[in-house]
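Analysis of the macromolecular model
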Amino acid sequence: MKLLTHNMLACTIKGVQNGFPLKIEAEEVVEREADFDPDFLRHIFPKLEWAAFLEGARALGCAEGLPDAVPEGALEEEAFLRAFHHALLEVHLEEGALVCPETGRRFIVSKGIPNMLLNEDEV
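By the naming in an unreviewed UniProt entry, the protein chain is Multifunctional methyltransferase subunit, taken from Raphidocelis subcapitata. Heading Subunit (unreviewed entry) of the UniProt record for the protein chain holds this comment: "Interacts with TRM9."

Spelled out as structure tokens, the structure:
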């Protein structure tokens, strides 16, 4: 699971008010090379929640070169774009779990696929 996916997921258990961002518990992290596309990165950046992305990058050990707050003009700097690209698209959570920040419910990630299915009593 890429951090791009993680940034779009939330806990949807009935009654949960604070289901985002899901905490990452990483057991296995792998890197896979991806084509560098600065235009895609500039396009997707406004759609991401930066603080959640940065928290995920730290949990996966790939936050190097990523600032706490993105300064104006960073999307034009190649060093920032490369660090952003690496964390967003090349680092994958293969095995582990995503944890609801409110309930502590663990959603297992197996072979890179998060299982976000809810139990009957959670719907």
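**A short note on the pattern of salt bridges**
When the charged atoms of two side chains with opposite charge come close together, those side chains can pair. Taken as a whole and judged by the stated rule, the model has 7 salt bridges. Note that R42 and E76 form a salt bridge whose closest N and O atoms lie 3.5 Å from each other. Placement of the pair is R42 in helix α2 (residues 38-44) and E76 in the loop between α3 (50-60) and α4 (78-90), with a sequence separation of 34 residues. Here R42 falls in the partly exposed class, since its relative accessible area comes to 27%. Between R105 and E122 there is a salt bridge; the shortest N-O distance is 2.8 Å. Taken together, the positions of R105 in the loop between β2 (91-99) and β3 (106-110) and E122 in the segment after β4 (113-114) put the pair 17 residues apart, joining distant regions of the chain. With relative accessibility at 17%, the residue R105 sits in the buried group. Sharing partners across several salt bridges, the network here consists of D39, R42 and E76.

**Some thoughts on the environment of I13**
Relative to the elements of secondary structure, I13 occurs in the loop between α1 (3-6) and β1 (23-31). When its relative accessible area of 12% is taken as the criterion, I13 is described as buried. Linking I13 and M1, residues 12 residues apart in sequence, is a C-alpha distance of 21 Å. Beyond its immediate sequence surroundings of up to four residues, I13 is in contact with T103, R105, F107, L118 and E122.

**Some words on the packing of aromatic side chains**
As enumerated under the stated definition, the model contains 7 aromatic pairs in all. Centre to centre, the rings of W50 and F80 are 5.9 Å apart; their planes meet at 40 degrees, and the pair counts as tilted. Residue W50 is located in helix α3, and its partner F80 is located in helix α4; the two are separated by 30 residues in the primary sequence. For W50, a relative accessible area of 11% translates into the label buried. Of the residues examined, F80 reaches a relative accessible area of 5% and is grouped as buried. Consider the rings of F80 and F84, whose centres lie 5.8 Å apart with planes at 15 degrees: the pair is stacked. One end of the pair, F80, and the other, F84, are both in helix α4, 4 residues apart, so they sit about a helical turn from each other. Three or more aromatic residues link up through ring pairs in this structure, and these residues are F45, W50, F53, F80 and F84. Sitting over the ring of F36, R82 keeps its end group 3.8 Å from the ring centre.

**Brief notes about the packing of α3 against α4**
α4 packs onto α3 with a crossing angle of 70 degrees between their chain directions and a minimal axis gap of 10 Å. By the angle between their axes, α3 is roughly perpendicular relative to α4. Here α3 and α4 pass one another in a crossing that is left-handed. Residues W50, F53 and A57 of α3 lie in contact with α4, whose contacting residues are F80, F84, A87 and L88.

Criteria and cut-off values
Residues numbered from 1 in each chain as written. Predicted model: local features only at pLDDT ≥ 70, side-chain atom pairs only at ≥ 80, totals over all residues. Heavy atoms only, no water. UniProt positions renumbered as here; feature names shortened; annotations may be inferred. Salt bridge = Lys/Arg side-chain N within 4 Å of Asp/Glu carboxyl O. Helix = DSSP H or I, 4+ residues; strand = E, 2+ residues; numbered from the N terminus. Buried < 20%, exposed > 50% of the residue type's maximum accessible area, 1.4 Å probe, protein only. Contact = heavy atoms within 4.5 Å. Phe/Tyr/Trp six-rings, centres within 6.5 Å; stacked < 30°, edge-to-face > 60°. Lys NZ or Arg CZ within 6 Å of the ring centre and 35° of its normal. Axes fitted to C-alpha atoms, helices over the stretch in contact; angles between N-to-C directions. Parallel < 35°, antiparallel > 145°, perpendicular 65-115°, else oblique. Left-handed = near helix turned anticlockwise from the far one by under 90°.

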